Amino acid sequence: MRQIHILTLFPHLFDYFNHSILGRAQKKGLVQFFIHDLRNYSTDKHKSVDDQPYGGGAGMVLKVDVLVSAVRDLKEKFKIEHVVLMSPRGKTFSHSIAQNLSNLNSWLIICGRYEGLDERAIQMVVDQEISLGDYVITGGELASQVVADAALRLIPGVVGNSESPQFDSFANGLLEYPHYTRPAEFEGKKVPEILLNGNHEEIKKWRDSESLKLTLKNRPDLVEKFLKKQK
Ligand SMILES: C[S@@+](CC[C@H](N)C(=O)[O-])C[C@H]1O[C@@H](n2cnc3c(N)ncnc32)[C@H](O)[C@@H]1O
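Just so you know, these numbers come straight off a predicted model, no measurement behind them.

1. Some points on the side chain of Asp118
Then, in step 1: As for its position among the elements, Asp118 is in the loop between strand E6 (106-110) and helix H4 (119-125).
Then, in step 2: Beyond its immediate sequence surroundings of up to four residues, Asp118 is in contact with Val61, Leu62, Lys63 and Val64.

Dropping the structure here:
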């Protein structure tokens, strides 16, 4: 069973994991989530976890002593193999990063808040910084759910066969082909004839070609990488 640990100041924001595919994955015993409250590691009577930045400036910074003792304690208790920090300055999240994380047995995601973490904590306890993209959100909680979801759905058995992630966008390097369902015609727009004829070989060819066309149109950079890999 894979164990995913989250270190956050807002543990109540993680109900997402209890529903749908990830909820079922927990019931099947494939994954287990542990949500840890960073505030439990505060040592003063006000339970403070942040302080003003040295050098001045706006915002608060998460304290190094609190973070380091939290991560060390959790690593020892739960045999955590890898520590991820959600951070705008990290490497942009991708299918291949999700794939690597999906192979780990026990990993921890730290959710930043305010201005982020004291730099020393990053140097001392973080193995990998991951960004969702070139923008800033208010905290790492949403970002960590995106990363955990994308990685965990790649574990065999988490997603049912019918929705197998091996055919999803990025799995083979390209975007997925378009989907259609009933009705066969809506306000004059028809489902492509080829999908109605039951010829699986023809349907596969059509889907491969649509996948390539769509990727060329929306993400030509992916086609370039895909073709290089084929050589
Ligand atoms: C308001 S942000 C801090 C931004 C930081 N001062 C900066 O300029 O890079 C607070 C926290 O949200 C999370 N966060 C914000 N944007 C993110 C992104 N694009 N990817 C991943 N995490 C992000 C991080 O955990 C970060 O520590």
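2. Notes on the site of the ligand
Then, in step 1: Lining the immediate environment of the ligand, one finds 19 residues, of which Met86, Gly112, Glu115, Leu132 and Tyr135 sit closest.
Then, in step 2: In this structure, Gly112 approaches the ligand through a main-chain N or O atom, which is 2.9 Å from an oxygen atom.
Then, in step 3: Its free accessible area being 580 Å², the ligand has 81% of it covered by the protein chains.
Then, in step 4: Of all the elements in the fold, those that place two or more residues in the shell around the ligand are strand E5 (82-92), strand E7 (128-131) and helix H5 (140-152).
Then, in step 5: With three residues, E5 is the largest single contributor of residues to the shell around the ligand.
Then, in step 6: Of the residues belonging to the shell around the ligand, the class tally is nine nonpolar, eight polar and two charged.

3. Describing helix H7 (residues 220-230)
Then, in step 1: Buried within H7 we find Leu222, Val223 and Phe226. For H7, the arc enclosing every buried residue in end-on projection is 100°, short of the 170-degree limit, so these residues lie on one face. With respect to the buried face of H7, the exposed residues turned more than 90 degrees away are Glu224, Lys225 and Lys228.
Then, in step 2: Residues of H7 that are buried make contact with helix H6 (200-218).

4. A few points about the environment of Leu227
Then, in step 1: Its location among the elements puts Leu227 in helix H7.
Then, in step 2: Taking the relative accessible area as the measure of exposure, Leu227 reaches 46% and is therefore partly exposed.
Then, in step 3: Between the alpha carbons of Leu227 and Val136 there is a distance of 33 Å; along the sequence they are 91 residues apart.

5. Quick word on the sheet that holds E5
Then, in step 1: Spatial ordering of the open sheet is given by E2-E1-E6-E5-E7, a layout of five strands whose pairing is parallel. Edge positions in the sheet fall to strand E2 (31-37) and E7, since each has one partner strand and no second. In this sheet, neighbouring strand axes are inclined to one another by 30° on average, regardless of whether the strands run parallel or antiparallel.

6. Here we look at the domain arrangement of the protein chain
Then, in step 1: With domains assigned, the protein chain is organised as domain 1 (2-152) and domain 2 (169-230).
Then, in step 2: Taking the mean C-alpha position of each, domain 1 and domain 2 sit 36 Å from one another.

7. Here we look at the pattern of salt bridges
Then, in step 1: Scanning the model with the defined rule gives eleven salt bridges in all.
Then, in step 2: For the salt bridge of Lys77 with Asp73, the shortest nitrogen-to-oxygen distance reads 3.0 Å. Placement of both Lys77 and Asp73 in helix H2 (residues 64-78) is noted, with a separation of four residues, approximately one turn of the helix.
Then, in step 3: Since its relative accessible area comes to 24%, Asp73 is described here as partly exposed.
Then, in step 4: Residue Arg89 is joined to Glu129 by a salt bridge in which the shortest nitrogen-to-oxygen separation is 2.8 Å. One end of the pair, Arg89, is in strand E5; the other, Glu129, is in strand E7, with 40 residues separating them in the sequence.
Then, in step 5: Given the relative accessible area of 49%, Arg89 is considered partly exposed.

Each value, and the rule that gives it
Residues numbered from 1 in each chain as written. Predicted model: local features only at pLDDT ≥ 70, side-chain atom pairs only at ≥ 80, totals over all residues. Heavy atoms only, no water. Helix = DSSP H or I, 4+ residues; strand = E, 2+ residues; numbered from the N terminus. Contact = heavy atoms within 4.5 Å. Near = heavy atom within 4 Å. Polar contact = N/O pair within 3.5 Å; in protein donor to acceptor, adjacent residues only side chain to side chain. Areas by Shrake-Rupley, 256 points an atom, 1.4 Å probe, with all protein chains shown as cover. Nonpolar A, V, L, I, M, F, W, Y, C, P; charged D, E, K, R; others polar. Buried < 20%, exposed > 50% of the residue type's maximum accessible area, 1.4 Å probe, protein only. Arc of directions from axis to C-beta. Pairing = 2+ DSSP bridges. Axes fitted to C-alpha atoms, helices over the stretch in contact; angles between N-to-C directions. Domains from an automatic or database assignment. Salt bridge = Lys/Arg side-chain N within 4 Å of Asp/Glu carboxyl O.

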